[in-house]
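# Breakdown of the fold
Here is what each chain is made of, one letter per residue.
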2 protein chains.
Amino acid sequence: MSFLEKLKNLWPFNSSPKMKAIGFEQALPLDAPNVFIEKMVARPKPAAKEVLVKLSASAVNPVDTKMRAGYQLDGTFRILGFDAVGTVVAVGTEVSLFSVGDKVYYAGAQNKSGANAEYQVVHEQLVGHAPTGLTDAEIAAMPLTSITASEILHEALGYEVKKNSAAGKSILIINGAGGVGSVLIQLAKYMGMTVITTASKPASIAWVKSMGADYILDYHQDLYAQLCGIQYEQVDDIAILQDTNTYWPLVTKVIKPFGRIASIVETTAPIDMGPLKNIGAQFSWVFMFAKANYGVNMASQGEALNNIASLLEQQIIKSTMTTTLLGLSVNNLKRATTMVEEGHSIGKVVIEYEEQL
Amino acid sequence: MSFLEKLKNLWPFNSSPKMKAIGFEQALPLDAPNVFIEKMVARPKPAAKEVLVKLSASAVNPVDTKMRAGYQLDGTFRILGFDAVGTVVAVGTEVSLFSVGDKVYYAGAQNKSGANAEYQVVHEQLVGHAPTGLTDAEIAAMPLTSITASEILHEALGYEVKKNSAAGKSILIINGAGGVGSVLIQLAKYMGMTVITTASKPASIAWVKSMGADYILDYHQDLYAQLCGIQYEQVDDIAILQDTNTYWPLVTKVIKPFGRIASIVETTAPIDMGPLKNIGAQFSWVFMFAKANYGVNMASQGEALNNIASLLEQQIIKSTMTTTLLGLSVNNLKRATTMVEEGHSIGKVVIEYEEQL
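All values reported here derive from a predicted model rather than from experimental measurement.

Scoring rules and cut-offs
- Residues numbered from 1 in each chain as written.
- Chains lettered and ligands numbered in written order.
- Predicted model: local features only at pLDDT ≥ 70, side-chain atom pairs only at ≥ 80, totals over all residues.
- Heavy atoms only, no water.
- Buried < 20%, exposed > 50% of the residue type's maximum accessible area, 1.4 Å probe, protein only.
- Helix = DSSP H or I, 4+ residues; strand = E, 2+ residues; numbered from the N terminus.
- Pairing = 2+ DSSP bridges.
- Axes fitted to C-alpha atoms, helices over the stretch in contact; angles between N-to-C directions.
- Parallel < 35°, antiparallel > 145°, perpendicular 65-115°, else oblique.
- Contact = heavy atoms within 4.5 Å.
- Nonpolar A, V, L, I, M, F, W, Y, C, P; charged D, E, K, R; others polar.
- Domains from an automatic or database assignment.
- Buried area = accessible area lost by both parts, 1.4 Å probe.
- Salt bridge = Lys/Arg side-chain N within 4 Å of Asp/Glu carboxyl O.
- Polar contact = N/O pair within 3.5 Å; in protein donor to acceptor, adjacent residues only side chain to side chain.
- 1 Å grid on protein atoms, 1.4 Å probe; cavity = no way out; pocket = protein on both sides within 12 Å on 5 of 7 lines; lining within 4 Å.
- Points joined across faces, edges and corners; volume = space filled by probe spheres on them.
- Least-squares fit on C-alpha atoms with pLDDT ≥ 70 in both.
- Phe/Tyr/Trp six-rings, centres within 6.5 Å; stacked < 30°, edge-to-face > 60°.
- Lys NZ or Arg CZ within 6 Å of the ring centre and 35° of its normal.
- Arc of directions from axis to C-beta.

### As for the pairing of strand β3 (residues 50-59) of chain A
All names here are of chain A. The buried count for β3 comes to 9 of 10 residues, which makes it a mostly enclosed element. Relative to strand β6 (residues 119-123), β3 runs antiparallel, the two being bridged by 5 bridges. Its bridge partner lying in β6, V51 is registered against V122. Where β3 meets strand β4 (residues 84-91), 7 bridges bridge the pair, whose relative direction is antiparallel. When the sheet's bridge partners are listed, L52 is paired in β4 with A90. The sheet contact formed by β3 and strand β15 (residues 348-352) spans 3 bridges and is antiparallel.

### Considering the packing of helix α2 (residues 62-69) of chain A against helix α11 (residues 330-341) of chain A
Residues and elements named next belong to chain A. Contact geometry of α2 with α11 gives a least axis separation of 9 Å together with a crossing angle of 100°. On the basis of the axis angle, α2 is roughly perpendicular to α11. Here P62, T65 and R68 of α2 come into contact with α11, specifically with T337, V340 and E341. Per-class residue counts for the contact of α2 with α11 are 2 nonpolar, 2 polar and 2 charged.

### Focus on the sheet that holds strand β9 (residues 194-198) of chain B
Residues and elements named next belong to chain B. Across the sheet, which stays open at both edges, the 6 strands sit in the order β10-β9-β8-β11-β12-β13 with parallel pairing between neighbours. At either margin of the open sheet sits one strand with a lone partner, and together these are β10 (215-217) and β13 (282-285). Across the sheet, the mean angle from the axis of one strand to that of its neighbour is 15°, orientation sign disregarded. Sheet analysis places β9 next to β10, joined by 3 bridges and oriented parallel. If you follow T198 over to β10, its bridge partner there is L217.

### Quick word on the domain arrangement of chain A
All names here are of chain A. Taken as a whole, chain A is organised into domain 1 (3-142 + 290-352) and domain 2 (145-287). Each of domain 1 and domain 2 was reduced to a C-alpha centroid, and the two centroids are 28 Å apart. Both sides of the domain 1 and domain 2 interface together cover about 2000 Å² of buried area, and 59% of this is carbon and sulfur. The interface formed by domain 1 and domain 2 contains 3 salt bridges. For the pair domain 1 and domain 2, the interface holds 10 residue pairs in polar contact (both at pLDDT 80 or more). Of all the secondary-structure elements, those providing two or more residues to the side of domain 1 that touches domain 2 are α9 (289-294) and α10 (299-313). The greatest single-element share of the side of domain 1 that touches domain 2, amounting to 7 residues, is contributed by α10. Taken together, the residues of the side of domain 1 that touches domain 2 break down into 11 nonpolar, 11 polar and 4 charged.

### A closer look at the interface of chain A and chain B
Contact with chain A, which involves 25 residues of that partner, is made by 25 residues of chain B. Roughly 2300 Å² of surface becomes buried between chain A and chain B when both sides are summed, with 67% attributable to carbon and sulfur atoms. By the criterion of area lost to chain B, the three top residues of chain A are F258(A), K277(A) and W285(A), representing 31% of everything that side buries. Put simply, chain A and chain B have 0 salt bridges between them. Taken together, the links from chain A to chain B amount to 5 residue pairs in polar contact (both at pLDDT 80 or more). The element contributing the most residues to the side of chain A that touches chain B is strand β13 (residues 282-285) of chain A, with 4 residues.

### What to know about the environment of M273(A)
On the secondary structure map, M273(A) appears in the loop between β12 (255-263) and β13. C-alpha of M273(A) to C-alpha of A309(A): the two residues are 36 residues apart in sequence and 37 Å apart in space. With residues near it in sequence (within four places) discarded, M273(A) still touches W248(A), F283(A), I271(B), M273(B), F283(B) and W285(B).

### Comments concerning empty space enclosed by the protein
A water-sized probe, rolled over the atoms, reveals where empty space remains. Within the structure shown, the criterion is met by 2 cavities of 30 Å³ or more. Reported here for the largest cavity is a volume of approximately 70 Å³. As for the largest cavity, its lining consists of 13 residues, of which F36(A), D64(A), L80(A), N116(A) and L333(A) are closest to the centre. Of all elements in the fold, only β1 (18-23), α2 and α11 of chain A reach the threshold of two or more residues within the lining of the largest cavity. Tallying contributions element by element places α2(A) first for the lining of the largest cavity, with 3 residues. Across the lining of the largest cavity, the residue classes tally to 6 nonpolar, 4 polar and 3 charged. If you trace the second largest cavity, you find it lined by F283(A), S284(A), W285(A), M273(B), A281(B), Q282(B) and F283(B). Secondary-structure elements contributing two or more residues to the lining of the second largest cavity are β13 of chain A together with β13 of chain B.

### Quick look at the relation of the copies chain A and chain B
Take chain A, turn it by 180°, move it 0.0 Å along the axis, and it overlays chain B with an RMSD of 0.0 Å. The two molecules are tied by a two-fold rotation axis, judged by turn and shift. Taken as a fraction of all interface residues of chain A, those also at the interface in chain B reach 100%, which identifies the copy contact as same-surface.

### Topic: the packing of aromatic side chains
Evaluation of the coordinates by the stated rule reveals 12 aromatic pairs over all chains. Taken together, a centroid distance of 5.8 Å and an interplanar angle of 55° make the contact between Y215(A) and Y232(A) tilted. Within this pair, whereas Y215(A) is found in strand β10 (residues 215-217), its partner Y232(A) is found in the loop between α7 (223-229) and β11 (235-240), the two being separated by 17 residues in sequence. By relative accessible area, Y215(A) is classed as partly exposed at 31%. With a centroid separation of 5.9 Å and an interplanar angle of 65°, the aromatic rings of F287(A) and F289(A) are classed as edge-to-face. According to the relative accessible area criterion, F287(A) is buried, its value standing at 15%. A relative accessible area of 2% means that F289(A) is categorised as buried. Three or more aromatic residues joined by ring pairs form one cluster here, namely F82(A), F287(A) and F289(A). Taking NZ or CZ as reference, K253(A) lies 3.8 Å from the ring centre of Y224(A), over its face. Note that R43(B) overlies the ring of Y119(B), its terminal NZ or CZ placed 4.1 Å from the centroid.

### Some points on helix α6 (residues 202-211) of chain B
Residue and element names in this part refer to chain B. Three or more residues of α6 are buried, namely S204, W207, V208 and M211. The buried residues of α6 occupy an angular sector of 90° when projected down its axis, which confines them to one face. Of the residues in α6, the exposed ones pointing more than 90 degrees away from the buried face are P202 and K209. Buried residues along α6 sit in contact with α5 (179-190), β9, β10 and β14 (321-326).

### Description of the sheet that holds β13(A)
All names here are of chain A. If you walk across this open sheet you meet the 6 strands as β10-β9-β8-β11-β12-β13, and the pairing is parallel. The sheet terminates laterally at β10 and β13, the two strands that pair on one side only. Taken pair by pair, the neighbouring strands of this sheet meet at an average axis angle of 15°, ignoring direction. The pairing of β12 with β13 spans 4 bridges and is parallel. Paired with S263 across the two strands is W285, which belongs to β13. The strands touched by helix α8 (residues 244-254) are β8 (170-174), β11, β12 and β13; relative to β12, the strand with the most contacts, the crossing angle is about 160°.

Here you go:
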């Protein structure tokens, strides 16, 4: 942003203030020079039930890449970013949960502008009070994955996310080292479960251990043999966080009767539901944006974030932030997205925003 | 049974009384002369938590045929029949729910001997008190299908089976005229739902109307066009009671976001779960024998039967019995099974047992 633009934006009689945002207008691969562009756009105004947040950090998720790849060219400038922390600077006429000055964090809604900008509006029901005692970068790493992990545990697997609420149960987590897996391991341990997760690289193994995993299986080796080796030929619950089709035969083989299976990874081919038919076992998708997309039970996401904030403050769980880039810029968004798109990343990549002029 | 056998069985000093049973020792098609055989076998004795029931009627279900077809030859005499009404004549040492003389009805357990016999033992948790004011044949038609319909509504679709508990919701029932469908229509109406069901033959259409269906779609015509025609392009809930694979594209097209789908019919090929991923919709199998097979939550089936008995007594729902054959015999079991195996049968076929000598 040029000095002149900054000056113009600060001009007090400017009736429609602008903000810096990083986005795109066409779906390009990461090595294209203009995959992301910086623009000055109108600062959004909160609708009746929305809060306006001045952002201080955001994180990149696989969903950003999926949305960029699926972008329908219509000439609009699209702002992504679905992990945010910031301060409420204005509230809509019907907002009841937050006040100006509140520090908040949220994932937001897929059908709205994201957090790769100086300001963002978000429906108050999707928002949680930010935990104290953590840096903005540590907080920004958490919302999307925490909501997803909470929905896996509560809505798909049927537990309350409370201390020892699943004591004695076993869960197999396919890919525990990613963003969702890192939170899921910690929450499952808090709930009293035995946590078995896959990981292969030494750094990933060390990471899932630090999250609390009880058993770590090498996904390059025979997973069933490894499960038998640790006396878990069958498990109560399974969370598929990578490649549903590849792991489906294992999953249907090792799920206990009346066990539950959750997946967040779309299938690339039809899957055989037959093995589940007569054993009372259940398979559920979890897609955290469905609630906001269809306006269903959105308040549960604010509640989940408040619960997570409390666990973070009590140090029962810890932030999964592993990398911080300083400054909201095209280059940093490209770097962070590259790390996510390369896959097998550990924890979360966060962009911390510089103080604006 | 010869007169001599009957006499021997009645002999008061006989320490191990026998009973008549109809069963089979090898999996044969219905047109084989010995598909079913009659035998005198030892009258079973109740285990600690079992009741011994003197049976007065039973019904035939598609599961009998599936089990006969899947029979593993091991030389044992297998007794089927998973709908029963009768009177408790003995109780195990730990039975607390029933007393000798109680009239009961139940589906029983797939891994135990069935009801095609004079006597049967059954775990007390699987048993309900028989409704008053109905004939034995009317009662015998109900247990398996009522439990299945209750589990569809409660466990798969997430409702309580109570008056108006699903008011304002719409359900599409694929094949409402069969045994499960006939109960499901009635319960869904009681719960306040709008019931849309498929049927084609005039007799089936008349039958599902008499069960309370609001809209009847012809499955030989374009079902989606018919749904649009009645302003139900989308529905809240779907129960698949026939040919899951054939109806799957329609089902995933018309289910509402966050809607629920249940099926009781095994898939013959993998199904595409992809369309459900991002809409928060859920698919669940229902297989009523899973609980008894794995000893999980069996008491819920006795409770479901007691609830159904109450609804039958209040004439809120009615028995789905359509045909009664008199006498427990090879011929009658063959006739009843033929009617079920021909498919497209309306309601239930019951065998009422004659008074024994």
